[in-house]
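# Descriptive structure summary
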Amino acid sequence: MATTALSRDPVSAERAFFFRMAIAFAATVVVGFSLSYARMTQPPSTLPIQIHLHAMVFVSWVGFYLVQNGLVATGSIAIHRRVGAVGGVLAALMVVLGIVVTVMCLRRGAVPFFFTPGVFLLLDVLGVALFAALVGAAIGRRNRPDWHKRLMLCAMAVVISPALGRILPMPLFGIWSPVVVYVASMLYIVAAMVYDVRARGSIHPAYWWGTAGQTVFVVIVMLGGFSAPVIALADWIARA
């Protein structure tokens, strides 16, 4: 009887759903970067230290997100809240290292060939900015679990874009590569929206904020990445 009651508890069911989404995000990252390492033509030890630091912090964030959702799913809310500050530190480090690695790649001429330097610059810098904005909004609403968990999910949909770019056949999409990655990342939010409709009867406003942020982001990248000022800025960074 207790097991049956628990399985019908909407709060427990929702927590289980977010934990499954966290597993899906983590699996995407593992697959994407495993493929990336498998395709490498140089030993990882020869990569700049910034790349290793960025990868370490990125993986730590994904693991942290998975653990936090696992804690909530098992009812360990007090522990979840006590270690929450760690997430803020990791998110800040991801923003800083994301920009550092972007600048380094431009200077080393290590921009993926299917991105122009201007698109690459906006894609990375605005991507970490959107991630920071969503995480910041989620932290600001940490006392509103319905908002907090959904904004964090939207932030994860942004941050897994590099992993998706390693899974998808990006060279086939040409200049439309950012749009393809946007569509792929939005599938995670759409899945969460569908769950909301089925479990709550309507889509939570947090998802509309996340969708709007993602949409504005990709529009700016597609329009601004090919503009003369952004191209000039990317060129200046590359030569600095």
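Above: the structure in question.
Read on for an overview of the structure. All figures in this text were calculated on a predicted structure; none of them were measured in a lab.

Let's shift gears to the overall build of the protein chain. Scanning the protein chain from terminus to terminus reveals 11 helices and zero strands. Of the regular secondary structure in the protein chain, the N- to C-terminal order runs α-α-α-α-α-α-α-α-α-α-α. Its C-alpha atoms give the protein chain a radius of gyration of 19 Å, within 12% of the compact-globule value 18 Å for 240 residues. Residues counted as buried form 41% of the 240 residues belonging to the protein chain. Long-range contacts, defined as pairs at least 24 residues apart, comprise 74% of the intrachain contacts of the protein chain with a sequence gap of at least 6. Entry remark: accessible area of the protein chain is about 12500 Å², with carbon and sulfur atoms responsible for 71%. For the protein chain, the centre of its 17 positive side-chain charges and the centre of its 6 negative side-chain charges are spaced 5 Å apart.

Let us look at the pattern of salt bridges. Taken as a whole, this structure holds five salt bridges when the rule is applied. Note that R144 is salt-bridged to D146, the shortest N-O span being 3.7 Å. Taking relative accessible area as the criterion, R144 reaches 45% and is therefore assigned partly exposed. Residue D146 is classed as partly exposed on the basis of its relative accessible area of 21%. A salt bridge links R239 to D235; its shortest N-O distance comes to 2.8 Å. With R239 and D235 both in helix α11 (residues 228–239) and four residues apart, this pair spans about one turn of that helix. Look at the salt bridges and you will find they share partners, linking E14, K149, R150 and D196 into a network.

This brings us to the side chain of D196. Its location among the elements puts D196 in helix α9 (residues 177–200). Beyond its immediate stretch of four places on either side in the chain, D196 contacts R150, G201, S202, I203, H204 and Y207.

So, on to the packing of helix α6 (residues 117–140) against helix α7 (residues 145–159). How two helices pack is summed up by the angle between their axes together with the distance between the axes. It is at 8 Å that the axes of α6 and α7 come closest, and there the two elements cross at 165°. Our classification of the angle between α6 and α7 gives roughly antiparallel. Helix-helix and strand crossings are classified by hand; for α6 and α7 the assignment is left-handed. Contacts from G127, L130, F131, L134, V135, A137, A138 and I139 of α6 reach α7 at H148, L151, M152, C154, A155, V158 and V159. Class assignment of the residues belonging to the contact of α6 with α7 gives a composition of 13 nonpolar, two polar and no charged.

Attention shifts here to the nonpolar core. Counting 67 residues, the largest nonpolar core has W61, F131 and L153 as its most contacted members. At 11 residues, α6 tops the list of elements feeding residues into this core. Among residues more than four places away in sequence, those in contact with F131 are W61, A91, M94, V95, A155, V158 and V159.

The next thing to look at is the environment of T74. By the secondary structure assignment, T74 is in the loop between α3 (49–73) and α4 (77–82). Spatially, the C-alpha atoms of T74 and P10 are 14 Å apart, while their sequence positions differ by 64 residues. There is a polar contact of 3.0 Å between the side chain of T74 and the backbone oxygen of G70.

The rules behind these values
Residues numbered from 1 in each chain as written. Predicted model: local features only at pLDDT ≥ 70, side-chain atom pairs only at ≥ 80, totals over all residues. Heavy atoms only, no water. Helix = DSSP H or I, 4+ residues; strand = E, 2+ residues; numbered from the N terminus. Rg over C-alpha atoms; globule rule 2.2 N^0.38 Å. Buried < 20%, exposed > 50% of the residue type's maximum accessible area, 1.4 Å probe, protein only. Contact = heavy atoms within 4.5 Å. Areas by Shrake-Rupley, 256 points an atom, 1.4 Å probe, with all protein chains shown as cover. Lys, Arg positive; Asp, Glu negative; His and termini not counted. Charge placed at Lys NZ, Arg CZ, Asp CG, Glu CD. Salt bridge = Lys/Arg side-chain N within 4 Å of Asp/Glu carboxyl O. Axes fitted to C-alpha atoms, helices over the stretch in contact; angles between N-to-C directions. Parallel < 35°, antiparallel > 145°, perpendicular 65-115°, else oblique. Left-handed = near helix turned anticlockwise from the far one by under 90°. Nonpolar A, V, L, I, M, F, W, Y, C, P; charged D, E, K, R; others polar. Core = buried A, V, L, I, M, F, W, Y, C linked by side-chain atoms within 4.5 Å. Polar contact = N/O pair within 3.5 Å; in protein donor to acceptor, adjacent residues only side chain to side chain.

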